[in-house]
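Topology and contacts: notes
Given next are the chains, with one letter for each unit.
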Amino acid sequence: MRLALLFLIPFLGGACAFIIRNNGLRRGMFLAACFMHLSLTASVWIVRPVGIFNGWLVLDAIGTLFLGVTSLLFFIAGLYALEYLKREDVHPQSDEEEGFMFMNAPEAVFTGCLLMFLASMTLVTMCQHFGLLWVGMELTTLVSAPLIYFHRHHRSLEATWKYLVICSVGIALALLGNIFLAIASLDAGGKAVPLLVRTLIDQAGIMSLPWLKVAFIFFLVGYGTKMGLAPLHTWLPDAHSESPSVVSALLSGALLNCAFLSILRIYQVCAAARLEPFCDGLFIIFGLLSMAFAALFILRQADYKRMLAYSSVEHMGILVFGIGIGGQAVFGSMFHVINHSLAKAMLFLLAGNVLAVFRTKLSGQVKGMIRVIPVTGALLFTGFFAVSGMPPFGVFVSKFIIVNGAFTRGRIWAGACFLAILAAIFIGMVTTILRMVQGEPEDKESGRSPEPFLRVFPPAVLCAMLFILGVYMPAFLYRVLNEAARALGGGF
Amino acid sequence: MKEWVDIVLIAIVVANLMLLVSSRLAACIRIVAVQGIAAGILPLVMHPSEIGLEMLAFSGCSIILKGVVFPWLLSRVLREGNVRREVEAFVSFSSSVIVGVICTGLAFWITRRLPLPVTVLSPLIIPVSFATIFIGLFVITSRVQAMTQVLGYLVLENGIYVTGMAFLVQQPVVVELGILLDIFVAVFVMGIAIFHISREFDHIDTQQLSKLRDN
């Protein structure tokens, strides 16, 4: 029942948003739907519901974890969206970079798609059937495409098109992976079994290993495109830099996780079939490659939103790297999912504030933030330190668990590469951010810009949570994280 | 019924190659529609003994969607968007056909080395499905216009669908309908995007979509 409601509330809310004419009413409905979703999610964290539809929709520990992150992020970003929509309710808008005038997409479409986006991601976290999981993943692409094209101009259109085509083709390959998985699961008599995670794990002993390997590769490439693993990440910087900041925050903090979750599902099956060495090797290679790619582009990045996008590529690499290492690093990876989502959402929301005041995405043209927008400046500065893994924030703890796992499990070279790349990224990010925060503003007369409460409160909440996670791990969180890590063959 | 299966499969291959040489977008849309219908008929001719209400309904949905709704939607975009009607490609038509033939040959070669866990009705079906996937990917990467990328995506989907048929992978109906729904929404959203692209840029060349890059 609660599972059905978790999906239906945002879904029906989204449908209503298309019909409601009054902006205020629609915004209220939007926030109410987000809040109800969050409360239901909280109840799911306390007592886990039983599965529905013959076990097709079940919330296990992994699903609960990802659902929690998604729901929490949506509510916080929803608060920010209220102020954002008010700010954007001026027609026509002028472009920050090129100065031309453009219209926004109707607010009803934007709100409706946001709620549908939440519904589709909720579906992904609950799916235990690989076919339905695919349907949910493709749905997330389709309902989020209009969100990227909120500002109707040629750059966002280009980003939307690339996002649609690259992700759709990528996910089509994952569908092929589904077929190969079904072939692998045909037992000797040629009888098909339902493609449920649980059933396949039980049957793993008699699956055809070569076909399962092929299936895993297709899943990794297909959903890896959506997750932004290098070298399949090409849509990601464009989509993240051109979409409204709220959407970038959700894409990075929630959507990429969902793609990661889909890869974890096939990994569960492969691990049960004793293909761990094969999968882990691929995970470590893809992980380090993504981090290296990200480092390369962060070091010479002039656009701060693109820099954040590449940082997401880096963190996705860290997530799969942790799974590949195994043991305690899997726990670290699960914990890092939360930390990365909180940190990246916070930074993208703040980037939106910077863009609104300075009207440029080039970090070279942003100076003296601490004078002009002190709260945003201070939070952004803290956020950058948090995301690049400085104590006392949660990101530090999870990265530390992962790298410690790499060394204790004898992956010395992988651990060393990991640390070297992190150092390079740290230097790249911090030099940029220091230039942006410090210095004299170019326009000295302007003085302080106003910072409305809802523009700084949501990122501040995220920042506080990151700090708490860095110094204190609540028992209920530890239980879920460890249970999830154990389901993936690791944990403490 | 085996002859019928082969005829349908040959129709799919011919559609692949015709798509590679057609110079008019409207013709390409029709070719992909015919291919979609052929793919939709395939389960009916493959397992005539198992035809039930469920199968008929599903086949009917996919034929109507791929054969009627998609071509109508895409032709509408072509008309209203005032889009140029000729296919533009990075690779010339004659080279495209050579690539198409190579793809098809490659698919046959791969199939011969594949250890098959199931017996198949027609030896043609697996190579045809792989060839269709390869050609779909080739069309997406080698053509300039946004419209042809959508057509390539549809060919890719047809190929994957036939692959599922080849290996007798029966997904539950809910999943099959979900996949169809997703493809429908994908084409719909892409159609809207093409419409906007044509208005914004006065044409639908994806080459113009190259402003976003790292300096």
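The rules we used
Residues numbered from 1 in each chain as written. Chains lettered and ligands numbered in written order. Predicted model: local features only at pLDDT ≥ 70, side-chain atom pairs only at ≥ 80, totals over all residues. Heavy atoms only, no water. Helix = DSSP H or I, 4+ residues; strand = E, 2+ residues; numbered from the N terminus. Rg over C-alpha atoms; globule rule 2.2 N^0.38 Å. Buried < 20%, exposed > 50% of the residue type's maximum accessible area, 1.4 Å probe, protein only. Areas by Shrake-Rupley, 256 points an atom, 1.4 Å probe, with all protein chains shown as cover. Lys, Arg positive; Asp, Glu negative; His and termini not counted. Charge placed at Lys NZ, Arg CZ, Asp CG, Glu CD. 1 Å grid on protein atoms, 1.4 Å probe; cavity = no way out; pocket = protein on both sides within 12 Å on 5 of 7 lines; lining within 4 Å. Points joined across faces, edges and corners; volume = space filled by probe spheres on them. Phe/Tyr/Trp six-rings, centres within 6.5 Å; stacked < 30°, edge-to-face > 60°. Lys NZ or Arg CZ within 6 Å of the ring centre and 35° of its normal. Expected span 1.5 Å × (residues − 1). Salt bridge = Lys/Arg side-chain N within 4 Å of Asp/Glu carboxyl O. Pairing = 2+ DSSP bridges. Contact = heavy atoms within 4.5 Å. Buried area = accessible area lost by both parts, 1.4 Å probe. Nonpolar A, V, L, I, M, F, W, Y, C, P; charged D, E, K, R; others polar.

Some points on the overall build of chain A
- For chain A, the count of helices and strands is 19 helices and three strands.
- Its C-alpha atoms give chain A a radius of gyration of 22 Å, near enough to 23 Å, the size a compact globule of 492 residues would have.
- Dimensions of chain A along its principal axes, counting C-alpha atoms only, are 80 × 55 × 40 Å.
- Across the 492 residues in chain A, those meeting the buried criterion constitute 66%.
- For chain A, the exposed surface amounts to about 15800 Å²; the carbon and sulfur share of it is 69%.
- For chain A, the distance from the average site of its 33 positive side-chain charges to the average site of its 25 negative ones is 6 Å.

Re the layout of surface pockets
- Estimates place the volume of the largest pocket at around 990 Å³.
- Residue lining of the largest pocket: 38 residues in total, with M116(A), L139(A), L142(A), V143(A) and V185(B) positioned closest to the centre.
- If you list the elements that add at least two residues to the lining of the largest pocket, you get α1 (2–19), α4 (107–126), α5 (130–148) and α6 (154–185) of chain A together with α7 (173–201) of chain B.
- Per element, the largest residue contribution to the lining of the largest pocket is nine residues, and it comes from α7(B).

Some details on the packing of aromatic side chains
- In this structure the tally under the stated criterion is 28 aromatic pairs over all chains.
- Ring centres 5.3 Å apart and planes at 20° place the aromatic pair F7(A) and F11(A) in the stacked group. You can see F7(A) and its partner F11(A) sitting in helix α1, four residues apart, about one turn around the helix.
- Residue class for F11(A) comes out partly exposed when judged on its relative accessible area of 34%.
- Taking 4.3 Å as the distance between ring centres and 35° as the angle between the ring planes, the aromatic pair formed by F110(A) and F150(A) counts as tilted. With a gap of 40 residues between them, F110(A) in helix α4 and F150(A) in the loop between α5 and β3 (151–152) connect regions that are remote in the sequence. Each member of the pair, F110(A) together with F150(A), is buried.
- The aromatic ring of F278(A) is capped on one face by K213(A), whose charged end is 5.1 Å from the ring centroid.
- The ring of Y161(B) carries the charged tip of K66(B) above its face, separated from the ring centre by 4.5 Å.

Thoughts on α4(A)
- The terminal C-alpha atoms of α4(A) lie 29 Å apart, and with 20 residues this matches the ideal 28 Å at 1.5 Å per residue to within 8%.
- Across the 20 residues of α4(A), 19 count as buried, placing the element largely inside the fold.

Examining the pattern of salt bridges
All names here are of chain A.
- Taken as a whole, this structure holds 14 salt bridges over all chains when the rule is applied.
- With its nearest N and O atoms 3.3 Å apart, the salt bridge here joins R48 to E483. One end of the pair, R48, is in the loop between α2 (23–46) and α3 (61–88); the other, E483, is in helix α19 (residues 475–487), and 435 residues separate them in sequence.
- Judged by its relative accessible area of 32%, R48 falls in the partly exposed class.
- One salt bridge connects R87 with E83, and the closest N-O pair in it is separated by 3.1 Å. Note that R87 and E83 are positioned in helix α3 at a spacing of four residues, about one turn of the helix.
- The exposure class assigned to E83 is buried, which follows from its relative accessible area of 12%.
- What you see here is one network of salt bridges that share partners, running through E158, K162, D238 and R306.

So, the pairing of strand β2 (residues 101–104) of chain A
Residues and elements named next belong to chain A.
- Relative to β2, strand β1 (residues 93–94) runs antiparallel, the two sharing two bridges. Bridging across to β2, S94 finds its partner in M101.
- Adjacent in sequence and paired antiparallel, β1 and β2 are bridged by six residues, among which G99 carries a positive phi angle near 80°.
- In terms of strand pairing, β2 meets β3 through two bridges, oriented antiparallel. Its bridge partner lying in β3, M103 is registered against R152.

Remarks on the interface of chain A and chain B
- Across the contact, 43 residues belong to chain A and 43 residues belong to chain B.
- A combined buried area of about 3700 Å² lies between chain A and chain B, and 75% of that area is made up of carbon and sulfur atoms.
- Applying the counting criterion to the chain A and chain B interface returns zero salt bridges.
- Contributions of two or more residues to the side of chain A that touches chain B are made by α5, α6, α9 (235–242) and α12 (304–325) of chain A.
- Among the elements that make up the side of chain A that touches chain B, the one with the highest residue count is α6(A) (19 residues).
- By residue class, the composition of the side of chain A that touches chain B is 26 nonpolar, seven polar and 10 charged.

Some details on the environment of L19(B)
Residue and element names in this part refer to chain B.
- Relative to the elements of secondary structure, L19 occurs in helix α1 (residues 2–21).
- Separated by 83 residues in sequence, L19 and I102 have C-alpha atoms that sit 15 Å apart.
- Setting aside its immediate chain neighbours within four residues, L19 contacts C28, I31, V32, V139, R143 and V155.

Description of the sheet that holds β3(A)
- Sheet architecture is open: three strands sit in the order β1-β2-β3 (chain A), paired in antiparallel fashion. Single-partner strands in this sheet number two, and they are β1 and β3 of chain A.

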